[in-house]
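Listed here are the chains, written in short residue letters.
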Amino acid sequence: MPRVRVLSLTACAVAAAAAWGLWTHPPLRNVPDGEIGVRMNRFSGNASVVRAGTVFVVPGLHDLRVYDLHEQTFHPADSASANGSAPFQSVEGLSLGVDVSAHYALDPARVATIARDLPADVGGQVVAPAVRGVIYRVFTRYTVREIFSSKRAEIQQIIESELRPKLAADGIVLRDVQIGQVDLPADYKKGMESLLAEELASEKMRFTLELKDKEVKQAALEAEADKVKREKAAEAAGQEQIIAAKAQEEAMAHVLPFKQKQIQQRQLEAEAEKASRIKTAEGTAEARRIEAAGEADSRNKLADAEVYRLEKVGKSTSEQMAREGDLITRHPLLIQKTMADKLSDKIQVIIAPPPADGGFIGSTLLGNARNATTTTAKAADADASQENAQ
């Protein structure tokens, strides 16, 4: 029993140790995007490159290194002039501070060699010493003035040309080197400021003199131009007067014949107007004579027509009266009807055949009692009709 208990305790201890090892050194590791991992075998020394994702790492057997493939920047902390340090020296032996930064990236094709041959801190242990060594050496070839202004671009290109192959041998790709602010020595800065002030004063004086010279030349040129302008204006005015006189002379040579032609034309127009008026008067008189003759003929014809009309109307009236007399002679009762029609439009007339005894025409309608009265009225109407007809 004690032996079994010891084995159980041993198994528990081994399991606990394995769990602790897995907890502190998990077998599954993650490689983020934009980075690359190198899994190294501690016993054989072999290295395999793994991309972004999950990687199986056996604790105690494998060692995983992760490298950033993004562009990185190395900026020497003591090179910036903000902290007041002046680590670099010029060819005169003057100390100065220069803000230098190097941009680099790892070569993905040589990551396995970098992991095997270079330390884990590539930036601090490989890039930094190489950059410092090159920039310290290059700055000692130039003066402060050249570093500050005149040959800044040249110095930058020399640093890149010397540093690029040195880093490329270790699998590091140099992008570029940037030189920023330059912190000059205090005495040199004062001397340069005074020198710059003198140069600026000299340049200002030179520009002032050049400006005055240009102003004098400009005034002379303006005076000459004004003189030439006045001469040209005078010549142009004289030439203009000459041209105007010649034009007037030529115009008069053309105007006089034109005036003569106008006078002749007006005379001809007056004669034509006179002849036109005479013709118009003659035509008017002839027209009046024709109108008078026509009016007399028209009146004669109207008189003849009136005589003919009156003659025709008299004949027609006489014939109509003869016809009416014959009609009344044959039908005496028409006189009564005509008188009744003329008395009023409300009287209705009835025409009936006369009685056989020659009495009143309405005796047959009124009855025998009224025959005598009707006969008397009829006789009176006949007498009145005869009197009217006469």
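Residues numbered from 1 in each chain as written. Predicted model: local features only at pLDDT ≥ 70, side-chain atom pairs only at ≥ 80, totals over all residues. Heavy atoms only, no water.

Identification of the protein chain as Prohibitin family protein from Scleromatobacter humisilvae is taken from an unreviewed UniProt entry. Turning to the protein chain, the UniProt record has this under Subcellular location (unreviewed entry): "Membrane". (UniProt positions renumbered as here; feature names shortened; annotations may be inferred.)

A. Summary view of the overall build of the protein chain. Assigned secondary structure in the protein chain consists of nine helices and nine strands. Looking at the protein chain as a whole, 19% of its 390 residues qualify as buried. (Helix = DSSP H or I, 4+ residues; strand = E, 2+ residues; numbered from the N terminus. Buried < 20%, exposed > 50% of the residue type's maximum accessible area, 1.4 Å probe, protein only.)

B. Examining the packing of aromatic side chains more closely. Summed over all chains, the structure comprises zero aromatic pairs. Above the face of the Phe207 ring, Arg206 is positioned so that its terminal group lies 4.6 Å from the ring centre. (Phe/Tyr/Trp six-rings, centres within 6.5 Å; stacked < 30°, edge-to-face > 60°. Lys NZ or Arg CZ within 6 Å of the ring centre and 35° of its normal.)

C. Structural context of helix H3 (residues 122-139). Taking 1.5 Å per residue, 18 residues should reach 26 Å; H3 reaches 25 Å between its end C-alpha atoms and fits that length. Of all bends in H3, the biggest is about 30°, found at Ala128, and the proline Pro129 comes one to four residues later. Three or more residues of H3 are buried, namely Val122, Gly123, Val126, Val127, Ala128, Ala130, Val131, Val134, Ile135, Val138 and Phe139. Where H3 begins, the capping side chain belongs to Asp121, and its oxygen is found 3.1 Å from the backbone nitrogen of Gly124. (Expected span 1.5 Å × (residues − 1). Bend = angle between axes of the 7 residues up to and from the residue. Polar contact = N/O pair within 3.5 Å; in protein donor to acceptor, adjacent residues only side chain to side chain.)

D. Layout of the confidence of the model for the protein chain. The pLDDT averaged across the protein chain works out to 76; a share of 68% of its residues lies at or above 70. No element of the protein chain has a lower mean pLDDT than helix H9 (residues 371-389), at 51, and none a higher one than helix H5 (residues 152-168), at 88. The low-confidence segment residues 368-373 (pLDDT under 50) makes one contact with residues lying over four places distant or belonging to another chain. (pLDDT = per-residue confidence, 0-100. Contact = heavy atoms within 4.5 Å.)

E. Representation of the side chain of Glu160 in the model. Along the chain, Glu160 turns up in helix H5. Although Glu160 is buried, it makes no salt bridge; Arg164 carries the closest opposite charge, 4.2 Å away. Only 2.9 Å separates the side chain of Glu160 from the backbone nitrogen of Val177, close enough to count as a polar contact. Sequence-distant contacts of Glu160, that is, excluding residues within four places in its chain, are made with Pro165, Leu174, Asp176 and Val177. (Lys, Arg positive; Asp, Glu negative; His and termini not counted. Salt bridge = Lys/Arg side-chain N within 4 Å of Asp/Glu carboxyl O.)

F. Examining the nonpolar core more closely. By size, the foremost hydrophobic cluster in this structure holds 38 residues, and its most contacted members are Val98, Phe139 and Ile159. Listed by contribution, the elements that provide at least two residues to this core are strand S8 (95-106), helix H2 (111-117), H3, helix H4 (144-150), H5 and strand S9 (172-183). (Core = buried A, V, L, I, M, F, W, Y, C linked by side-chain atoms within 4.5 Å.)

G. Representation of the pairing of S8 in the model. Within S8, ten of the twelve residues are buried, which leaves it mostly tucked inside the rest of the structure. Pairing analysis gives three bridges linking strand S6 (residues 72-74) to S8, with the strands arranged antiparallel. Bridge assignment links Gln72 to a residue of S8, and that residue is Tyr104. Here two bridges tie strand S7 (residues 88-89) to S8, and the two strands are oriented antiparallel to one another. Along S8, the bridge assignment pairs Phe88 with Leu96. Connecting S7 to the next strand, S8, in antiparallel fashion are five residues, including Gly93 with a positive phi near 90°. Pairing of S8 with S9 involves nine bridges; the strand directions are antiparallel. Bridging from a neighbouring strand, Val100 pairs with Ile179 of S9. (Pairing = 2+ DSSP bridges.)

H. Highlighting H5. End to end, H5 covers 24 Å across 17 residues, agreeing with the expected 24 Å (1.5 Å per residue, within 8%). Turning to H5, its buried residues number three or more, namely Ile155, Ile158, Ile159, Glu160, Leu163 and Leu167. Buried residues along H5 sit in contact with H3, H4 and S9.

I. Spatial organisation of the packing of H3 against H5. It is the contact of H3 with H5, at a shortest axis distance of 10 Å, that shows an interaxial angle of 145°. H5 is crossed by H3, and the crossing has right-handed handedness. Between H3, through Val127, Ala130, Val131, Val134, Ile135, Arg137, Val138 and Phe139, and H5, the contact on the second element is made entirely by Ile155, Ile158, Ile159, Glu162, Leu163, Lys166 and Leu167. Tallied by class, the residues present in the contact of H3 with H5 amount to twelve nonpolar, no polar and three charged. (Axes fitted to C-alpha atoms, helices over the stretch in contact; angles between N-to-C directions. Left-handed = near helix turned anticlockwise from the far one by under 90°. Nonpolar A, V, L, I, M, F, W, Y, C, P; charged D, E, K, R; others polar.)

J. Just the environment of Val98, in detail. Residue position: Val98 is located in strand S8. Its relative accessible area of 0% is what places Val98 among the buried residues. A sequence separation of 49 residues divides Val98 from Ile147, and the C-alpha atoms of the two residues are 8.9 Å apart.

K. Spotlight on the side chain of Glu146. As for its position among the elements, Glu146 is in helix H4. Within the structure, the side chain of Glu146 is placed 3.2 Å from the backbone nitrogen of Thr143, a separation counted as a polar contact. Residues in contact with Glu146, not counting those within four places in the same chain, are Lys151, Arg152 and Ile155.

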